[in-house]
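Working through the structure, step by step
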Amino acid sequence: MVATGVLLVEDDEAISDPLARGLRREGYAVTVRGDGPSGLAAGLDPEVTVVLLDVGLPFLDGLEVCRRLRAARPKVQILLLTALAEEVHAVDGLDAGADDYITKPFRLAELLARVRAAARRAEPRELAGLGIRVDQRARRAFQHDVELVLSPKEFDLLARLIADAGEVVSREQLLRDVWHTSWQGSGRTLDQHVSWLRAKIGDDLIVTVRGRGFRFRGEQE
């Protein structure tokens, strides 16, 4: 199996060094750059699947790097690293084409979870389970060969759950992966979409795990 290529563009070595070590321990092929121009050049490499991009870079700021990378490589996954005081930069980054953002200081476990989710999004594949088939590249879903009519978020939610069929996916992870937010006030939106999705595929395929999240039933259940 070829390791997923991760580019880390961060000028603070106190952040980049331990983060790169953590990513490599997880099996990623990590490239580190410390400024905007070299980060942009490295991000054009087709072997790079996920880019972790700091906002405050020397010579060329992270938002401009994000815009240029998105224009050149529409499918690369870009995760913006931004300080808590730079919330406006996070919004600007999403407008510039970033797929997600994480605020500093962050926990390594949370960042690794975001990278795993980004890697899944970057490598579309067909998912299947219990009569449901999800074609991520074409963004179409079928139940017993009958195409399901799903909203974009319903599709993303179904794909995220079926990707880990048989395992609990936390509410927090679903909010991050599907809605790109960690705001707990979005929980009602999540519940509504789960309800709508159940109405379309059947109540018994998505199990509520109280206090934790949701689980798409495994084949052996």
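Placed above this text is the structure.
In this report, the structure presented in the accompanying data block is examined. (Residues numbered from 1 in each chain as written. Predicted model: local features only at pLDDT ≥ 70, side-chain atom pairs only at ≥ 80, totals over all residues. Heavy atoms only, no water.)

A closer look at the overall build of the protein chain
Rule in force here: By definition, any uninterrupted DSSP run of H or I lasting at least four residues is a helix, any uninterrupted run of E lasting at least two residues is a strand, and each is numbered from the N terminus. The reference for a compact globule is 2.2 Å times residues^0.38; the radius of gyration itself is calculated from the C-alpha atoms. A simple rule labels every residue: compare its accessible area, found with a 1.4 Å probe on the protein chains alone, to the largest value its type can have, and call it buried under 20%, exposed over 50%, or partly exposed in between. Contact definition: two residues touch when any of their heavy atoms are within 4.5 Å. Each accessible area is a Shrake-Rupley estimate made with a 1.4 Å probe; only the visible protein chains count as cover when residues are assessed. When charges are counted, Lys and Arg contribute as positive and Asp and Glu as negative, whereas His and the chain ends are disregarded. Positions of charges follow a simple convention, taking NZ of Lys, CZ of Arg, CG of Asp or CD of Glu.
Broken down by element type, the protein chain carries eight helices and 12 strands. For 221 residues, the compact-globule formula gives about 17 Å, and the C-alpha radius of gyration of the protein chain, at 18 Å, lands near that figure. Viewed in the frame of its principal axes, the protein chain has a C-alpha envelope of about 55 × 35 × 30 Å. Scored against the burial criterion, the 221 residues of the protein chain give a buried share of 48%. Here the analysis covers contacts within the protein chain between residues at least 6 apart in sequence; of these, 57% occur between residues at least 24 apart. Approximately 11,100 Å² of the protein chain is accessible, and the part contributed by carbon and sulfur atoms is 51%. Positive and negative side-chain charges in the protein chain, numbering 31 and 35 respectively, have mean positions lying 4 Å apart.

With respect to the sheet that holds strand β12 (residues 213-216)
The line we're drawing: Should DSSP find at least two bridges between two strands, the strands are regarded as paired. The convention used is that axes are lines fitted to C-alpha atoms, helices contributing only their stretch in contact, and that angles between N-to-C directions extend from 0 to 180 degrees.
Sheet architecture is open: three strands sit in the order β10-β12-β11, paired in antiparallel fashion. Of all strands in the sheet, those with a lone pairing partner are β10 (168-170) and β11 (206-209), marking the two edges. Between one strand axis and the next, the sheet turns through 30° on average, direction left out of account. Looking at chain direction, β10 and β12 are connected through three bridges and run antiparallel. Among the inter-strand pairings, Ser170 is bridged to a residue of β12, identified as Gly213. Sitting on the sheet, helix α6 (residues 152-163) touches β10, β11 and β12, and the angle it makes with β12 is about 75°.

A short note on the nonpolar core
We count it as follows: The definition of a nonpolar core used throughout is a set of buried Ala, Val, Leu, Ile, Met, Phe, Trp, Tyr and Cys residues joined through side-chain atoms within 4.5 Å.
Ile132, Val134, Leu158, Ile201 and Phe216 are the most contacted members of the largest nonpolar core, which has 25 residues in total. Listing elements by their share of this core, those giving two or more residues are β7 (132-135), α6, α7 (171-179), α8 (187-201) and β12. In this view, Ile132 contacts Leu127, Phe142, Gln143, Leu148, Leu158, Ile162, Ile201, Leu205 and Phe216; residues no more than four positions away in its chain are not counted. Within the second largest apolar cluster, 20 residues are counted, among which are Val48, Val51, Val55 and Ala96.

Some points on the layout of surface pockets
Note the following rule: Using a 1 Å grid laid over the protein atoms alone, points where a 1.4 Å probe fits but cannot get out form a cavity; open sets with protein on both sides within 12 Å along at least 5 of 7 lines form a pocket; any residue with an atom within 4 Å of a point counts as lining. Grid points are joined across faces, edges and corners, and a volume is the space filled by probe spheres set on the points. When residue character is reported, Ala, Val, Leu, Ile, Met, Phe, Trp, Tyr, Cys and Pro are called nonpolar, Asp, Glu, Lys and Arg charged, and the others, Gly included, polar.
Looking at the largest pocket, its volume works out to about 630 Å³. Lining the largest pocket are 24 residues, and of these Gln77, Arg121, Gln136, Arg139 and Asp156 lie nearest its centre. It is α6 that contributes the most residues to the lining of the largest pocket, six residues altogether. Within the lining of the largest pocket, the residues separate by chemical class into nine nonpolar, three polar and 12 charged.

Some details on the packing of α6 against α8
We apply this condition: Geometric relationships in this document are graded by angle, where less than 35 degrees denotes roughly parallel, more than 145 denotes roughly antiparallel, 65 to 115 denotes roughly perpendicular, and other angles denote oblique.
Running from N to C, α6 and α8 cross one another at 85°; their axes reach a closest spacing of 10 Å. In terms of their interaxial angle, α6 and α8 are classed as roughly perpendicular. For the pair formed by α6 and α8, the contact residues are Lys153, Glu154, Leu157 and Leu158 on the first element and Leu190, His193, Val194, Trp196, Leu197, Lys200 and Ile201 on the second. Residue classes in the contact of α6 with α8 are distributed as seven nonpolar, one polar and three charged.

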